[in-house]
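Fold and contact review
Single-letter residue listing:
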Amino acid sequence: MSVLCKLCGLKTPDDVEAASLAGAAYVGFVFFQKSPRNLDIQTAQRLALNVPVGIIKVALVVNASDTLLDDIISTVGVDMLQLHGSETLTRVSEVRRRYGLPVMKAVGIANASDVQIAHSYAEVADQLLLDAKPFAGMELPGGNGLSFDWGLLQGQNWSIPWMLAGGLTPENVAAAVKLSGAKQVDVSSGIEMSPGQKDPELMTKFIQNASA
């Protein structure tokens, strides 16, 4: 089975080149100041221009204002918005309607009740990203290297495409795909040498192993 991979938190032209050569289906740019992967609008614009046609450019935002979204969409030229904060069902619907772009809603998963919350977001989003729920006090909503019980997703019937995230690495992604049934996976910290610094070899290994 061929699994689509999203490589998130890219910061440099070398990151973009390595991701495209590795076979990424999606690349993610982070617009969240507390993240070590945060980009300013101008840098993201330059990186987006280097993304080959056919690879989906995703802007990750956390409880973003319309002003920030306006700047990203008018300047960077992304293909999809990833809402990775505490956005409500209403806010997800508003963003989809205002910008006319596909919206991926990230939902933190720790137990079965979180899975049911994810199903409710499936009614208003175009895709879901099922990530590990951060522990209390963590500043980042994702990219923490945490994973969750992938077995919680077994047998779930989703009405829209979804992506597995949270603590994935080249070493565990094959097992995660097998256990969860994921057809798409997302990685950020699992392909880094240090926070925000991507490793091209890990990118390649991750994508190879995802479909192993």
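In this report, the structure presented in the accompanying data block is examined. The shown structure was predicted, so the numbers you read here are calculated from the model rather than taken from an experiment.

Cut-offs and rules
Residues numbered from 1 in each chain as written. Predicted model: local features only at pLDDT ≥ 70, side-chain atom pairs only at ≥ 80, totals over all residues. Heavy atoms only, no water. Buried < 20%, exposed > 50% of the residue type's maximum accessible area, 1.4 Å probe, protein only. Helix = DSSP H or I, 4+ residues; strand = E, 2+ residues; numbered from the N terminus. Arc of directions from axis to C-beta. Contact = heavy atoms within 4.5 Å. Phe/Tyr/Trp six-rings, centres within 6.5 Å; stacked < 30°, edge-to-face > 60°. Salt bridge = Lys/Arg side-chain N within 4 Å of Asp/Glu carboxyl O. Pairing = 2+ DSSP bridges. Right-handed = clockwise from strand over helix to strand, strands pointing away. Core = buried A, V, L, I, M, F, W, Y, C linked by side-chain atoms within 4.5 Å. Polar contact = N/O pair within 3.5 Å; in protein donor to acceptor, adjacent residues only side chain to side chain.

1. Considerations on helix α5 (residues 112-121)
Turning to α5, its buried residues are D114, V115, A118, H119 and Y121. For α5, the arc enclosing every buried residue in end-on projection is 155°, short of the 170-degree limit, so these residues lie on one face. Buried-residue contacts for α5 involve α4 (89-99), β5 (103-109) and β6 (127-132).

2. Observations concerning the packing of aromatic side chains
Going through the model one piece at a time under the given rule, you end up with 1 aromatic pair. Consider the rings of W158 and W162, whose centres lie 6.2 Å apart with planes at 40°: the pair is tilted.

3. So, the pattern of salt bridges
Counted under the stated rule, the structure contains 11 salt bridges. Linking R37 and E192 is a salt bridge whose minimum nitrogen-to-oxygen distance equals 2.7 Å. Separated by 155 residues along the polypeptide, R37 in the loop between β2 (26-31) and α2 (41-49) and E192 in strand β9 (residues 192-194) bring together distant segments of the chain. Taking the relative accessible area as the measure of exposure, R37 reaches 4% and is therefore buried. According to the relative accessible area criterion, E192 is buried, its value standing at 12%. Note that D114 and K133 form a salt bridge whose closest N and O atoms lie 2.9 Å from each other. Taken together, the residues D114 in helix α5 and K133 in the loop between β6 and β7 (162-164) connect sequence positions 19 residues apart. Overall, K133 belongs to the partly exposed group, its relative accessible area being 37%.

4. Observations regarding the pairing of β2
Among the 6 residues that make up β2, 6 are buried, leaving the element largely enclosed by the rest of the structure. Judged by which residues are buried, β2 turns out to be covered on both faces: Y26, G28 and V30 on one side and V27, F29 and F31 on the other are all buried. Two elements, strand β1 (residues 4-8) and β2, share 3 bridges in a ladder whose sense is parallel. Bridge pairing links L7 to V27 in β2. Once the chain exits β1 it traverses helix α1 (residues 13-22) before rejoining the sheet at β2, and the crossover so formed is right-handed.

5. With respect to unusual backbone geometry
Phi is positive for N63, which is not a glycine, with a value near 50°. As for its position among the elements, N63 is in the loop between β3 (56-61) and α3 (66-75).

6. Things to note about the nonpolar core
When a protein is soluble and globular, its nonpolar side chains tend to lie buried together. In terms of nonpolar packing, the biggest core is built from 64 residues, with L7, F29, L130, L164, V185 and F206 touching the most fellow members. Setting aside anything within four residues of it in sequence, one finds V185 in contact with V3, L4, C5, K6, M163, L164, L168, V173, V177, F206 and A210. Among the nonpolar cores identified, the runner-up in size contains 9 residues, and A25, V58, L129 and M163 belong to it.

7. Some remarks on the side chain of R91
Within the secondary structure layout, R91 lies in helix α4. Owing to a relative accessible area of 18%, R91 belongs among the buried residues under this scheme. Within the local environment of R91, its side chain forms a polar contact with the backbone oxygen of A64, the two atoms lying 3.0 Å apart.

8. Some remarks on the environment of E201
Topologically, E201 is positioned in helix α7 (residues 200-210). Measuring from C-alpha to C-alpha, the distance between E201 and A19 comes to 10.0 Å, with 182 residues separating the pair along the chain.

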